[in-house]
Amino acid sequence: MKNKNKIMRNMLVGMVGAAFCMAACWLSSAYGEGNVRNGYIQSNWPKMPFIRFEISLILAGIGIALNYVGLRDYVKLFRYLRRKRGVLNRQMGSLFEVGAVAYCISYLFIQAGYVMIALVYKLLFGTNLMGADIISTTEGMFYYIAIPLFAYLIVAIVGMSVAFMHFVWNGKMRVSRICIFFNPLVFFGLGELLKLTKLYYLVDFAAASVPFGVLLMMAAGMVGVAKQPNPKPVN
């Protein structure tokens, strides 16, 4: 495989980006002790300082840009792997490519939309509006933007994860099969299970479960690239 060192370096950049995205998610979605969820509304929104949301957006913008650098080279890896025999390899390589693009779009817009809705609720909470009116207005905004953005996110998580698991399970990645669990779909499911515990520290950790899965997927990719055969020297 050509340019292995460059691809590994770019995947490391992608890991840093995923860590930034994790921090952005924690800042906007780790509500702390005593939070009560009412539908989509979080009771601790008004208690969270504005600067948390501002820094969250900055980190999200930087993080997804760095994440894209790594995902772009992940696509190169799967383009290389799908050259091997089998129509399914080509289909899975294309599926990952679509998922990677969808993730870069959906993550940033979902994070921005989520912060916007939280800020609207926080600002309305300080007015004379009735609680029911505040909740109705905020949830109305959410449902206007939720369907297309979360549709992108589902395509992203499923597309990247299914393709990654295919290449790991079939030995194309040259990593241990235990790495099949190092993907955003598995950690998304784990995050949803943690939320059911109602333990605030586990719920707060679950807020960053998807970018954490992306980070681990990047780490597995670096190992997989390192184990790919070097190109034969030209005499």
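In this report, the structure presented in the accompanying data block is examined. Since this is a predicted model, take the numbers as computed values, not measurements.

Now for a nonpolar patch on the surface. Together, Val101, Ile105, Leu108, Phe109 and Tyr152 line one region of the surface with nonpolar side chains, adding up to about 440 Å² of accessible area. In this fold, Val101 is placed in helix α3 (residues 87–125).

Another point: the pattern of salt bridges. All told, the structure shown has 4 salt bridges when counted by the stated rule. The closest approach of N and O atoms between Asp73 and Lys76, which form a salt bridge, is 4.0 Å. Separated by 3 residues within a single helix, Asp73 and Lys76 lie in helix α2 (residues 50–81), roughly one turn from each other. The closest approach of N and O atoms between Arg79 and Glu97, which form a salt bridge, is 2.7 Å. With Arg79 in helix α2 and Glu97 in helix α3, this pair connects stretches of sequence that are 18 residues apart. Accessibility expressed as a relative area gives 39% for Arg79, which makes it partly exposed. Beyond isolated ion pairs, a larger network of salt bridges with shared partners links Arg72, Asp73 and Lys76.

Relative to the elements of secondary structure, Ser209 occurs in helix α7 (residues 209–226). With near-sequence residues (within four places) excluded, Ser209 lies in contact with Phe187, Phe188 and Gly191.

Summarising the element assignment, Met11 is placed in helix α1 (residues 4–29). The buried category is assigned to Met11, whose relative accessible area is 0%. Not counting the four nearest positions on each side in its chain, Met11 is found in contact with Gly70, Asp73, Tyr74, Leu77, Met218, Gly221, Met222 and Val225.

Further remarks concern the packing of α2 against α7. At a minimum axis separation of 11 Å, α2 and α7 run at an interaxial angle of 45 degrees. With respect to their mutual orientation, α2 and α7 come out oblique. Along this stretch, α2 crosses α7, giving a crossing that reads as left-handed. For the pair formed by α2 and α7, the contact residues are Asn67, Gly70, Leu71, Tyr74 and Leu77 on the first element and Val214, Met217, Met218, Ala220, Gly221 and Val225 on the second. A per-class count over the contact of α2 with α7 returns 8 nonpolar, 3 polar and no charged.

Reading the values: rules and limits
- Residues numbered from 1 in each chain as written.
- Predicted model: local features only at pLDDT ≥ 70, side-chain atom pairs only at ≥ 80, totals over all residues.
- Heavy atoms only, no water.
- Patch = residues over 30% accessible without salt bridge, like charges linked within 9 Å, V, L, I, M, F, W, Y side chains within 5 Å.
- Areas by Shrake-Rupley, 256 points an atom, 1.4 Å probe, with all protein chains shown as cover.
- Salt bridge = Lys/Arg side-chain N within 4 Å of Asp/Glu carboxyl O.
- Helix = DSSP H or I, 4+ residues; strand = E, 2+ residues; numbered from the N terminus.
- Buried < 20%, exposed > 50% of the residue type's maximum accessible area, 1.4 Å probe, protein only.
- Contact = heavy atoms within 4.5 Å.
- Axes fitted to C-alpha atoms, helices over the stretch in contact; angles between N-to-C directions.
- Parallel < 35°, antiparallel > 145°, perpendicular 65-115°, else oblique.
- Left-handed = near helix turned anticlockwise from the far one by under 90°.
- Nonpolar A, V, L, I, M, F, W, Y, C, P; charged D, E, K, R; others polar.

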